[in-house]
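So the chains spell out like this:
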Amino acid sequence: MVKVERSFPAPESLAEEAGKASGKYDKPDVIERLREDFHNKCYICEMKGLQDPNVEHLLPHKNGKYPERKFDWENLFWSCGHCNGIKKNSKYDEGILDCCKYDPEKYLRFRLKDGDVVIDVVNSGDNVQKRTALLVKEVFSKKNTGMRTYTSDERLRLLQREMNVLYKQLEKIHKNPDSKMTARTIRSLLRRESAFAAFKRCYVREHVNEYPKLQEYVK
C-alpha cells in the first residue's frame, strides 16, 4: 500500500446519482477517474492491470445505512475483488489507513520474509495501523475457501516474482554501480505506480548501507 494522489473535483455523476433513489456510484466517469488515479492497481494488495476491478468504499455504507459514504468521492477506492471481499469483514468497519491522505510507508513496514508477507506497524498502539497491517497480511495469506486460497497464493506468487526482478537488478548495480541503464530500471521498479511498490521500496530503504545512491528513489 502506497500513497495515491486523488484527483479533484469529484466526478460529476456522483452528485447526480446521490439524488436518486437507486443511484449508482460506479458510473463511467467514476470508473475512469479511479482507474487513472490508482494506476489500475489495487490499493490494498498492489496488483496491477486489474481485469475485474471493484469500486470499494474505505468506510462501508452498509447497503445505504450511511448514505453520506456511498457517493463520497474521497471514500471510493480502486481494488481487486479478492481484497474487497476480505475487507468486508466487520473487523475492518472502523477503517484502515486512507492512502490518499496519509503515506502508508510512514506507518507500516512491508516485508517478504522466508516466502511469507510480514507487515509491521510503527506505532503498536494505533488501531488503524494495526487493522491496515492485518488486512494487507490477510490478502496474501487468507485461505478459508478454495478460491481464496488460490487468489491469495497467486498474489504471493506475483509479489515474489516482482521482488526477484528487483533483486536481480540490485545484483547488477552491485557489479556495475555506474550503469545508467540498470539505475533507470531500478528507478522504474521503485515508482509508487509499479506493482507491489511498498515491498520493493521498503527493501531498498532498509538496505541503505548497501544502496545509498538508490535512496533518492524511495523518498
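Residues numbered from 1 in each chain as written. Predicted model: local features only at pLDDT ≥ 70, side-chain atom pairs only at ≥ 80, totals over all residues. Heavy atoms only, no water.

Caption draft 1: Expanded view of helix α6 (residues 146–175). If you check α6, its first and last C-alpha atoms are 44 Å apart, about what 30 residues at 1.5 Å a residue would give, namely 44 Å. Among all positions of α6, only Thr 151, Ser 152, Arg 155, Leu 156, Leu 158, Leu 159, Glu 162, Met 163, Leu 166, Gln 169, Leu 170 and Ile 173 are buried. (Helix = DSSP H or I, 4+ residues; strand = E, 2+ residues; numbered from the N terminus. Expected span 1.5 Å × (residues − 1). Buried < 20%, exposed > 50% of the residue type's maximum accessible area, 1.4 Å probe, protein only.)

Caption draft 2: Spatial organisation of the layout of surface pockets. The computed volume of the largest pocket comes to approximately 290 Å³. Along the walls of the largest pocket sit 13 residues, with His 57, Pro 60, His 61, Lys 62 and Lys 88 positioned nearest its centre. Contributing elements (two or more residues each) for the lining of the largest pocket: β1 (53–57) and α4 (81–87). The element that contributes the greatest number of residues to the lining of the largest pocket is β1, accounting for three residues. In the lining of the largest pocket, the residues fall into four nonpolar, four polar and five charged. (1 Å grid on protein atoms, 1.4 Å probe; cavity = no way out; pocket = protein on both sides within 12 Å on 5 of 7 lines; lining within 4 Å. Points joined across faces, edges and corners; volume = space filled by probe spheres on them. Nonpolar A, V, L, I, M, F, W, Y, C, P; charged D, E, K, R; others polar.)

Caption draft 3: Summary view of the pairing of strand β4 (residues 116–121). Where strand β3 (residues 108–113) meets β4, six bridges bridge the pair, whose relative direction is antiparallel. Across the sheet, Arg 109 pairs through a bridge with Asp 120, a residue of β4. (Pairing = 2+ DSSP bridges.)

Caption draft 4: Broad picture of the pattern of salt bridges. Scanning the entire structure with this criterion turns up 20 salt bridges. A salt bridge links Glu 5 to Lys 3, with the nearest nitrogen and oxygen atoms 3.4 Å apart. A salt bridge links Asp 93 to Lys 62, with the shortest nitrogen-to-oxygen separation between them at 2.7 Å. On the criterion of sequence distance, the pair formed by Asp 93 in the loop between α4 and β3 and Lys 62 in the loop between β1 and α3 (67–70) is long-range, its members being 31 residues apart. Assessed through its relative accessible area of 39%, Lys 62 is described here as partly exposed. (Salt bridge = Lys/Arg side-chain N within 4 Å of Asp/Glu carboxyl O.)

Structural measurements only, silent on function.
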